[in-house]
Structures are given as C-alpha cells and as structure tokens.
Amino acid sequence: MMKFFLYIILITFSSAFGQEEGTPQRIVLNLTEKPAESISVTWRTVDMYINSEVSVAEATADTSFVDNVKSFPVKIEEVLLNTGDIVYHYSSTLTDLNPQTLYTYKVGHDSVWSEWSQFKTASNKPSPFRFIYFGDPQNYLKSFVSRIFRAAYSEAPQAAFWLIAGDLITDPSRDELWGEFFYAAGFITRMTPLMPAAGNHEYRGLIYYPVEDNKRKILTPLWRPHFTLPANGVDDLLETNYYFDYQDVRFIVLNGSEDLNAQLPWLEEKLENNKCKWTIVSIHQPLYSTGKNRDSREYQEKLLPLYDNYGVDLVLQGHDHAYGRTYKLKNGQIVGNNEKGTVYVVSVSGPKVYSLNDKYKNLMVKTGNGLQLFQVISVDGNLLDYKSYTATGELFDSFELIKE
Ligand SMILES: [Fe+2]
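Residues numbered from 1 in each chain as written. Predicted model: local features only at pLDDT ≥ 70, side-chain atom pairs only at ≥ 80, totals over all residues. Heavy atoms only, no water.

### Let's talk about a nonpolar patch on the surface
A surface patch of nonpolar side chains, amounting to about 290 Å² of accessible area, comprises M48, I50 and I76. Mapped onto the fold, I76 is located in strand β5 (residues 75-80). (Patch = residues over 30% accessible without salt bridge, like charges linked within 9 Å, V, L, I, M, F, W, Y side chains within 5 Å. Areas by Shrake-Rupley, 256 points an atom, 1.4 Å probe, with all protein chains shown as cover. Salt bridge = Lys/Arg side-chain N within 4 Å of Asp/Glu carboxyl O. Helix = DSSP H or I, 4+ residues; strand = E, 2+ residues; numbered from the N terminus.)

### Here we look at the coordination of the iron ion
Protein ligation of the iron ion involves D167 (OD), N200 (OD1), H284 (NE2) and H319 (ND1), the donor distances falling in the range 2.1 to 2.2 Å. One way to put it: the four donor atoms around the iron ion meet at angles of 85 to 169 degrees, and that makes the site irregular. Spacing between the donor residues of the iron ion along the chain follows D-x32-N-x83-H-x34-H. Of this pair, D167 sits in the loop between β11 (162-164) and α3 (175-185) while H319 sits in the loop between β18 (314-317) and β19 (323-326); the two residues are 152 residues apart in sequence, bridging distant segments of the chain. H319 shares its class with D167; the two are buried. (Donors = N, O, S within 2.8 Å, 3.2 Å for Na, K, Ca; no water. Tetrahedral: all angles 85-135°; square planar, octahedral: opposite > 155°, others 65-115°. Buried < 20%, exposed > 50% of the residue type's maximum accessible area, 1.4 Å probe, protein only.)

### Side note on the sheet that holds strand β16 (residues 249-253)
The mixed open sheet is built from seven strands, whose spatial order is β15-β16-β17-β18-β22-β19-β23. Looking at the sheet topology across the chains shown, the edges are occupied by β15 (242-246) and β23 (364-368). Neighbouring strand axes in the sheet, compared pairwise and without regard to direction, differ in orientation by 15 degrees on average. Pairing of β18 with strand β22 (residues 343-346), which is carried by four bridges, proceeds in the parallel orientation. By the bridge assignment for β22, L314 is matched with V343. (Pairing = 2+ DSSP bridges. Axes fitted to C-alpha atoms, helices over the stretch in contact; angles between N-to-C directions.)

### Quick look at the nonpolar core
Membership of the largest hydrophobic core comes to 71 residues, with the highest contact counts inside it found for F131, F149, F161 and W162. For this core, the leading source of residues is helix α2 (residues 141-155), giving seven residues. With sequence-adjacent residues up to four places away left out, F149 is seen in contact with F134, P137, W162, I164, F181, A184, A185 and I188. (Core = buried A, V, L, I, M, F, W, Y, C linked by side-chain atoms within 4.5 Å. Contact = heavy atoms within 4.5 Å.)

### Some words on the packing of aromatic side chains
In the structure shown here, the tally under the stated rule is 30 aromatic pairs. For the pair W43 and Y90, a centre-to-centre distance of 5.2 Å together with 15 degrees between the ring planes defines the contact as stacked. One end of the pair, W43, is in strand β2 (residues 39-45); the other, Y90, is in strand β6 (residues 86-94), and 47 residues separate them in sequence. Here the two residues W43 and Y90 agree in accessibility, since each one is buried. Seen from their ring centres, F161 and F244 are 5.3 Å apart, and the 85 degrees between their planes marks the pair as edge-to-face. Remark: F244 occurs in strand β15 and F161 occurs in the loop between α2 and β11; sequence separation between them is 83 residues. A single burial state applies to F161 and to F244, both of which are buried. Stacked on the ring of Y183, the Lys or Arg K142 has its end atom at 5.1 Å from the ring centre. (Phe/Tyr/Trp six-rings, centres within 6.5 Å; stacked < 30°, edge-to-face > 60°. Lys NZ or Arg CZ within 6 Å of the ring centre and 35° of its normal.)

### With respect to the domain arrangement of the protein chain
When its domains are assigned, the protein chain resolves into domain 1 (22-120) and domain 2 (129-402). One C-alpha centre belongs to domain 1, the other to domain 2, and the line joining them spans 26 Å. Summed over both partners, the interface of domain 1 with domain 2 comes to about 2200 Å²; 53% of that surface belongs to carbon and sulfur atoms. Broken down residue by residue, the surface that domain 1 buries against domain 2 is led by R26, L31 and E33, which jointly contribute 31%. Seen at the junction of domain 1 and domain 2, the total is three salt bridges. A salt bridge links R44 to D175; the shortest N-O distance between them is 2.8 Å. There are 15 residue pairs in polar contact (both at pLDDT 80 or more) connecting domain 1 and domain 2. Mapped by element, the contributors of at least two residues to the side of domain 1 that touches domain 2 are β1 (25-31), β2, β5, β6 and β9 (117-120). (Domains from an automatic or database assignment. Buried area = accessible area lost by both parts, 1.4 Å probe. Polar contact = N/O pair within 3.5 Å; in protein donor to acceptor, adjacent residues only side chain to side chain.)

Shown next, in the form of structure tokens:
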C-alpha cells in the first residue's frame, strides 16, 4: 500500500514539475523596437497546440494578478529539424504595455503552461539602466557556457537585456545545439530579453545558393523560429539586421555575414535620424581584428566612415575569440577622451580561444586571450560605464565614456 502511495506521489510530482507532454520549451523574451510599450515572447513544443496563448498581467506581490490576466494570441510556425522531426514554434508580441512596469506572464495551452515569469518594460524617458554584452558563446554551450551565463546573471540580475554579438551556435543546423544554448541560459531568457546578432556560424552547415554571379549562404532556418526580433531592418535580412531604442540609447544590430552594401543606406538613415544621446552598434565581425590572421579591411572601408561621421560611441563585436578594447578612435587614429570618437570591443564568452593578432595592438588599451568573459554596460545620463568580467567574477577591464 505504501509503495503504491509513493508511486502516485512520484507520478504527480513528475507531471507537476514541467514534465507534462506539451510543456513549452526554449521560452525567450526579445525586445521590440519600442521596449517601453511592448515585448515579444517565443517558445516551442514538439506537437502542435493550436489554442496556445500568452497570459499577461501586471505583477503583484501576492498572486491576485491572476484575476487581471490578458490573453495574447500567437503565431504558430512548423519547423523541420535536421533530424527529420517536425516541431512547432510559437511567437507573440505583447502590446499596449505600460512603461517601467513589472509584468508577469506564462505561455501554454489548455491545462499545460509554463511557470509565471516576470519582466520589466523600459522607461519611456531617459533613465539609468544596464545591459550585458557577450562575445561568441558558440562551443560547448552546456558544459562551459552555462557558467559564464550564470556569472553574468549573478553580477547584474537586473540587466535590461542581454546582447550577444553573434555565433551563438557553432553549427546552427543541429537542433540539439540550440537545446544546449537554452539549457545554458536556463530561466534567464524567460526574464531578461535576449538581443542576438547573427554571426558567420549562424550560416554554417548550409547550402550555398547562387545569387547573380556570387554565391550566398543562407541563414539557418532555425534562427527566425527561435526569436522574435524587431523586423525593422533591410527586407532580405529581417531579424538579423535591426534597431531598437532603449531609453536614451539607440542600438543598431548589423549582419556582417551578408552583403554590407545593402545595409549601408539603412544604417546611415538610422544614424542620421537618431534622437538618442548614445549610439551603440553590434556586429559580429570586428573592424579591428584581435584574432590572428584575420582581415577586417572590408568592414573598415564600409563602416568606419559612417561610424565616424555620426559619432557612434561604442561598437560591440565578436568573431575573433580573443579580447580587445581600443582607445577612442576616429579614422583609425587615437583621439583624446574629450573628442568625438568610437570605442571598439571584441569579446568572447565561450571556451574556444584564438591567439592574439598584434596588427592593431597600438590601437588597443586592453587585450587578452584564453578567457571566458562577459561585460556589464551601464548608461546613466552623460555617463557610460563599461566593465568586463571573467567567468570567476574578477574585473578584467573597465572604462567610462562621458558626454559633454
Ligand atoms: Fe565568427
């Protein structure tokens, strides 16, 4: 009798703790173009649940928020995996939210739901905030990237979002590696929006298709189903080329693995019509390479004039698997702290490391290799405070930018 009772308890527990068939997986928040009034959420299930939805309410200290829930419909996308299996991705943009407000939400269908998770909308006016920037996670996501994600979360749990400068997954056609990425991120992407750039590895393992005389790689078909990013970039590059304004900072994400020429007029327009005090660009491939035998000429020729002309403050990059942070630069030359210029950073969060390139060493304030790093960047009025930390929590690099 006792044995039977225990068995019943075990069955009940296994289903109560998220093992039920159809439990939403890989839940991730992404910011929209207007993070003070909306946010997107994406998840997936193995089978299709047509009546899936998102339930949202302003968070309350007690559980009475459940009496004020609003439902949002979802878009469902059927996705064919490399294994031949089919899965279903769901996405929804939650609109008409209030600024600087803590919300709670769950996703699911019928009686099978995620837990309630919380997120905070941005303010609709300048206000201090911080975000976390990572270079390439890419390899050994479960075994080695988990600890850097956890270290970053421990250092800045209230970060407004996480920005990853590309190469999230070494072979993005392999669904199990996406599974490792979400394992490493755990519950964090359910609370902290993720804003990824696409790197060259988001194109790996895929067929090249001829485009006119050139050959072109195709973005992994698993990128867009996993995220719901602002669709405000160049038409062909939606969700890999986008921008968003977070309070007084314009963030511009470029796709350095595609034709940059197509993005330049768009980039110029976003730099020119920009009311934010600060401008931060993220692109996977760096202008000033830190990895041995890497050539950045194409990126310099195309992007540097625009960065210089419109005074981009900070460029957050990856790709080179070695750390480098430049002085403030203009036209490839070091400028004074009080002059207009741009700081370029390359960082890496995963365990794959390259030896350092000394080609640009005269432009670098700080370099390093062999480390897993994350960066906490805080913006407060005229001050931008940048800190890079190791996986073991030591401060590795820091600087401030001050606007006059
Ligand atoms: Fe890369």
